[in-house]
Amino acid sequence: MADAITVSVLGTGIMGAAMARNLARAGHRVRVWNRTRAKAEPLAADGAHVAGTPAEAVEGADVVLTILYDGPATLDAMRQAAPSLRPGMAWAQSTTAGVEAVGELAAFADEQGLAFFDAPVLGTKQPAEAGQLVVLAAGPAEARDAVRPVFEAVGSRTVWTGEDGARASATRLKLVVNSWVLAVTHGTAEALSLAKALGVDPQGLLDAVEGGPLDMGYLRAKSALILNGDLSSPSFAVSTAEKDARLIVQAGEGAGVRLDVAAAGAERFRRAAAQGHGGDDMAASYYASFDDPAS
């Protein structure tokens, strides 16, 4: 393809691997790195170059896309990549890193002369694999043409929130959206755990709200995972959800807002992880309602 570019993807977990595959399918040259190399190796079958270090991965790249666990992990990877970074290179930072961490990442980008884009995404495993994520992005208008092919390959649309990535306007919106997603997840989990405790058929809940304003596809999707015990292939893992919940609480505290539900939700995720569900889908919040993890 005439407009093919070289994209370096740092982080090939659930989201990063899917995004890398879609970039390759769009005809771009893809270079990938992951701290655990075994998670990146399967992408070689999709035509990606699997690098041994971040510096090797970003060598010759037009755009660097980071989607790692958190801000510190991202900053560490980019510092390792520094020898191969060059002024003017575009960096799309898609990790849910938190407001404060985005400022630190933007400062590093400024030191390196990079065009920095705060670009978290909305969506989980399935939309990521389908290239149907929603990209929330903030960054300089004059450099957007560089990242547009990347955003178009991984997402169905891009929502621009500003021109200064350092202000973390896209990350702020992502935290707001995630606060709602996590609240609905816990609401579903608690309602089903209460149904179990009270001897109520959980299908009764779904039947009672069917077709009304309280009904939603998300309720039914997460209910099915819980009721079928099908949580081991996560679209969004408990451990990552706990991290995001704590970032949401931290952001609220920094803005003078108490987020009691988010704080309680983070604790539910912590309990679920302690019961052995850290790698399961976040609907495993259900198990946090019971002292016996086998419930």
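About the thresholds
Residues numbered from 1 in each chain as written. Predicted model: local features only at pLDDT ≥ 70, side-chain atom pairs only at ≥ 80, totals over all residues. Heavy atoms only, no water. Pairing = 2+ DSSP bridges. Helix = DSSP H or I, 4+ residues; strand = E, 2+ residues; numbered from the N terminus. Right-handed = clockwise from strand over helix to strand, strands pointing away. Buried < 20%, exposed > 50% of the residue type's maximum accessible area, 1.4 Å probe, protein only. Contact = heavy atoms within 4.5 Å. Polar contact = N/O pair within 3.5 Å; in protein donor to acceptor, adjacent residues only side chain to side chain. Salt bridge = Lys/Arg side-chain N within 4 Å of Asp/Glu carboxyl O. Phe/Tyr/Trp six-rings, centres within 6.5 Å; stacked < 30°, edge-to-face > 60°. Lys NZ or Arg CZ within 6 Å of the ring centre and 35° of its normal. Expected span 1.5 Å × (residues − 1). Core = buried A, V, L, I, M, F, W, Y, C linked by side-chain atoms within 4.5 Å.

Visitor: Help me understand the pairing of strand β9 (residues 155-162), please; the structure alone is not making it clear to me.
Guide: Note: strand β8 (residues 133-138) against β9, six bridges, orientation parallel. Along β9, the bridge assignment pairs Val135 with Thr158. For the crossover from β8 across helix α6 (residues 144-154) to β9, the handedness is right-handed.

Visitor: Just to check I follow, could you spell out the side chain of Thr12 for this structure?
Guide: Considering the arrangement of structural elements, one finds Thr12 in the loop between β1 (6-10) and α1 (14-25). Classification of Thr12 as buried rests on a relative accessible area of 2%. With residues up to four places along the chain from it excluded, the contact list for Thr12 reads Ala17, Val32, Trp33, Asn34, Lys39, Ala40 and Leu43.

Visitor: Please explain the side chain of Arg268 as it appears in this structure.
Guide: Checked against the element boundaries, Arg268 lands in helix α11 (residues 260-277). Residue Arg268 is classed as buried on the basis of its relative accessible area of 6%. Engagement of the side chain of Arg268 in a polar contact is seen with the side chain of Ser289, the distance being 2.9 Å. Once residues lying within four places of it in the same chain are set aside, the contact partners of Arg268 are His186, Ala189, Glu190, Ser285, Tyr286, Ala288 and Ser289.

Visitor: Explanation requested: the pattern of salt bridges in the structure shown.
Guide: One side chain can pair with another of opposite charge once the charged atoms of both are near each other. According to the stated counting rule, one finds 11 salt bridges in the structure shown. Here Asp46 ties to Arg21 by a salt bridge, and the two come within 3.0 Å at their closest N and O atoms. Residue Asp46 is found in the loop between β2 (29-33) and β3 (49-50), and its partner Arg21 is found in helix α1; the two are separated by 25 residues along the sequence. Given the relative accessible area of 26%, Arg21 is considered partly exposed. A salt bridge links Arg148 to Asp145; the nearest nitrogen and oxygen atoms lie 2.3 Å apart.

Visitor: Looking at this structure, how should I read the packing of aromatic side chains?
Guide: The geometry of two aromatic rings is summed up by the distance between their centres and the angle between their planes. With the rule as written, the count across this model stands at six aromatic pairs. Relative to Trp160, the ring of Phe151 has its centre 6.0 Å away and its plane inclined at 55 degrees; by these criteria the two rings are tilted. Between Tyr286 and Tyr287 the ring centres are 5.3 Å apart and the planes differ by 85 degrees, which places this aromatic pair in the edge-to-face class. You can call Tyr287 buried: its relative accessible area is 14%. One aromatic cluster is present, built from ring pairs that chain together Trp91, Phe108 and Phe116. One residue, Arg144, lies across the ring of Trp160, its end atom 3.8 Å from the ring centre. Its end group placed over the ring of Tyr69, Lys243 keeps NZ or CZ at 5.4 Å from the ring centre.

Visitor: How do you make sense of helix α7 (residues 169-198) when you look at a structure like this?
Guide: Because an α-helix packs 3.6 residues into every turn, residues spaced three or four apart end up facing the same way. Across its 30 residues, α7 extends 44 Å between first and last C-alpha, which sits within 8% of the 44 Å expected from 1.5 Å per residue. Where α7 ends, the next residue or the one after it, Gly199, has phi of about 75 degrees, a positive value.

Visitor: Looking at this structure, I do not really get the environment of Ala92. What am I missing?
Guide: By the secondary structure assignment, Ala92 is in strand β5 (residues 90-93). In sequence terms Ala92 and Phe151 are 59 residues apart; their C-alpha atoms lie 9.2 Å from each other. When near neighbours in sequence (up to four residues on either side) are disregarded, Ala92 contacts Val64, Leu65, Thr66, Phe117, Ala119 and Phe151.

Visitor: I'm lost on unusual backbone geometry in this one. Help?
Guide: Phi is mostly negative for residues that are not glycine, and the peptide bonds are mostly trans. You will see that Ala168, though not glycine, has its phi angle at about 60 degrees, which is positive. Its place among the elements puts Ala168 in the loop between β9 and α7.

Visitor: How should the nonpolar core be read in this particular structure?
Guide: Generally speaking, a soluble globular protein has its nonpolar side chains buried in company with each other. Among the nonpolar cores identified, the biggest contains 35 residues, and Leu23 and Val32 are the most heavily contacted of them. The set of elements that each furnish at least two residues to this core consists of β1, α1, β2, β4 (63-66), β5, β6 (115-118), β8 and α6. In terms of residues, this core owes the most to one element, α1, which gives seven residues. Those residues in contact with Leu23 that lie beyond four places of it in its chain are Val7, Val9, His28, Val30, Leu65, Val150, Ala153 and Val154. The next biggest cluster of nonpolar side chains, apart from the first, holds 25 residues, and it includes Trp33, Ala81, Trp91 and Ala168.

Visitor: Even after reading the chapter, I still don't get the environment of Pro140, so can you show me in this structure?
Guide: Its place among the elements puts Pro140 in the loop between β8 and α6. For Pro140, a relative accessible area of 16% corresponds to the buried category. Between the alpha carbons of Pro140 and Gly278 there is a distance of 37 Å; along the sequence they are 138 residues apart. In contact with Pro140, not counting residues within four places along its chain, are Phe116, Phe117 and Glu163.

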